[in-house]
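Here is what each chain is made of, one letter per residue.
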Amino acid sequence: MIHCEGLVKIYKANELEVFALQGLDLHVEDGELMAIIGNSGSGKSTLLNMLGGLDRPTAGSLTVDGKDLMKFKERDFVKYKRESVGFVWQNNARNLIPYLTAQQNVELPILLNGRRKQQRARELLEAVGLTHRAHHKLQQLSGGEQQRVAIAIALANHPKLLLADEPTGSVDTRMAAQILELFRTLNRELGLTVVIVTHDPELARKVDRVVAIRDGKISSEMLRRKSYMEELAELAEDEKESHVEYAVLDKAGRLQVPHGYLEAAGFKDHRKARVELENGRIMLSPPEEG
């Protein structure tokens, strides 16, 4: 579904250049449910904006659902955003129009494509469990209900890819769990590819793959040891870690090592390391003094 290779994004402010992405590689399979994590400024929201057709990479290659976004003209981006991708923002002011009801909000993107809006809107509100709140305006809905309306809007035009930027950032823990379960249901029943950007470690633990971004590049991946349903069945008796973490090597064999690891191992110069092969293992050690 998603193929990024050597993705670079440079923002220019006056004469200053800021590298938001520095040669990022990412591959996401069709029908995958995954999360992207990283500190503020790591580049994860920049990546999500590019996947959503809201921003264009400076260099590299970016293909989504077989479409080469690097070759897109402006009209191609409009068509892509209407037909191929759905977006859910953390801030509901970006998702919803406050003076419309829940159903009217969902009808609007359907109307733009000239389809039968009322029946489709009712189906989507039923899918997110809000049929009984269809004719309520936004101030009459809780934060979690508003976010579920936003998910229904994102699904209005049958996208193949759903992008969610901190979708549980403004709701409590119970509602966050319900929203994630809704993503899992949509992923399983509709075959929807779902990519979630989050700071929430609990949310990240419940998806099958977690990609960590550091300094504009993929630094590590965490893969689920067992299926989510198997893990739920064992949760009461076993508190083992749900994921195992792997460092990511780029095509040249380069590896990002966290600064904390280097400092703990006595690396005073973070630019150099001795690399040795010992009993089938690659060993890193600080350079010799002098």
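Residues numbered from 1 in each chain as written. Predicted model: local features only at pLDDT ≥ 70, side-chain atom pairs only at ≥ 80, totals over all residues. Heavy atoms only, no water.

Identification of the chain as ABC transporter ATP-binding protein from Paenibacillus glycanilyticus is taken from an unreviewed UniProt entry.

A. Seen up close, the packing of helix H4 (residues 102-112) against helix H6 (residues 143-154). Closest axis-to-axis distance for the H4/H6 pair is 8 Å, and the angle between their directions is 25 degrees. With respect to H6, the axis of H4 lies roughly parallel. Between H4 and H6 lies a crossing of right-handed hand. Contact residues: H4 offers Ala102, Asn105, Val106 and Pro109, while H6 offers Val149, Ala152 and Ile153. Here the contact of H4 with H6 is composed, by residue class, of six nonpolar, one polar and no charged. (Axes fitted to C-alpha atoms, helices over the stretch in contact; angles between N-to-C directions. Helix = DSSP H or I, 4+ residues; strand = E, 2+ residues; numbered from the N terminus. Parallel < 35°, antiparallel > 145°, perpendicular 65-115°, else oblique. Left-handed = near helix turned anticlockwise from the far one by under 90°. Contact = heavy atoms within 4.5 Å. Nonpolar A, V, L, I, M, F, W, Y, C, P; charged D, E, K, R; others polar.)

B. Fine view of the pairing of strand E12 (residues 274-278). Relative to strand E13 (residues 281-285), E12 runs antiparallel, the two sharing five bridges. Of the residues in E13, the one forming a bridge with Leu277 is Ile282. Two successive antiparallel strands, E12 and E13, enclose a turn made up of two residues, where Asn279 displays a positive phi of approximately 55 degrees. (Pairing = 2+ DSSP bridges.)

C. Broad picture of the sheet that holds strand E1 (residues 2-13). Spatially, E2-E1-E4-E5 is the arrangement adopted by the four strands of the open sheet, whose pairing is antiparallel. Either end of the sheet is taken by a strand with one partner, and the two such strands are strand E2 (16-28) and strand E5 (67-68). Alignment of E1 against strand E4 (residues 59-64), held across five bridges, turns out to be antiparallel. What sits directly across from Glu5, in E4, is Ser61. The sheet strands contacting helix H1 (residues 44-51) are E1, E2 and E4, and the helix crosses E1 at an angle near 115 degrees.

D. Expanded view of the pattern of salt bridges. A full pass over the atoms with the stated rule returns nine salt bridges. The closest approach of N and O atoms between Asp65 and Lys67, which form a salt bridge, is 3.2 Å. Here Glu83 and Lys79 are joined by a salt bridge, their closest N and O atoms 3.1 Å apart. With Glu83 and Lys79 both in helix H2 (residues 74-83) and four residues apart, this pair spans about one turn of that helix. Here Glu83 falls in the partly exposed class, since its relative accessible area comes to 37%. (Salt bridge = Lys/Arg side-chain N within 4 Å of Asp/Glu carboxyl O. Buried < 20%, exposed > 50% of the residue type's maximum accessible area, 1.4 Å probe, protein only.)

E. Just H4, in detail. The complete set of buried residues in H4 reads Ala102, Gln103, Asn105, Val106, Glu107, Pro109 and Ile110. Buried-residue contacts for H4 involve helix H5 (117-127) and H6.

F. Just the packing of aromatic side chains, in detail. All chains considered together, the criterion is met by three aromatic pairs. Ring geometry for Phe72 and Phe77: centres 5.2 Å apart, planes at 75 degrees, overall edge-to-face. You'll find Phe72 and Phe77 in the same group, each marked buried. Of the aromatic side chains, those joined through ring pairs into one cluster are Phe72, Phe77 and Tyr80. (Phe/Tyr/Trp six-rings, centres within 6.5 Å; stacked < 30°, edge-to-face > 60°.)

G. How the structure looks around the side chain of Glu107. Its place among the elements puts Glu107 in helix H4. Look past the residues within four positions of Glu107 in its chain and what remains in contact with it is Lys117, Gln118 and Ala121.

H. A look at the nonpolar core. Counting 39 residues, the largest nonpolar core has Val106, Val149, Ile151 and Phe183 as the members making the most contacts within it. Top contributing element to this core by residue count: helix H7 (residues 173-190), with seven residues. Contact partners of Ile151, with chain neighbours within four places excluded, come to Val88, Val128, Ile179, Leu182, Phe183 and Leu186. (Core = buried A, V, L, I, M, F, W, Y, C linked by side-chain atoms within 4.5 Å.)

I. A look at H5. Among all positions of H5, only Arg120, Ala121, Leu124 and Leu125 are buried. Down the axis, H5 shows its buried residues gathered within 135 degrees of arc, on one side only. Lining the buried residues of H5 we find H4 and H6. Positive backbone phi, at 75 degrees, marks Gly129, one or two positions downstream of H5. (Arc of directions from axis to C-beta.)

J. Just the packing of H6 against H7, in detail. Orientation of H6 relative to H7, taken along the N-to-C sense of each, is 20 degrees, at an axis distance of 10 Å. The angle between the axes of H6 and H7 places the two elements in the roughly parallel class. In the crossing of H6 with H7, the sense of the turn from one axis to the other is right-handed. Within the contact between the two elements, H6 uses Gly144, Gln147, Arg148 and Ile151 and H7 uses Met175, Gln178, Ile179, Leu182, Phe183 and Leu186.

K. Highlighting the pairing of E2. Pairing analysis gives 10 bridges linking E1 to E2, with the strands arranged antiparallel. Across the sheet, Leu7 pairs through a bridge with Leu24, a residue of E2. Counted between consecutive antiparallel strands, the loop separating E1 from E2 contains two residues, among which Asn14 sits at a positive phi close to 55 degrees.

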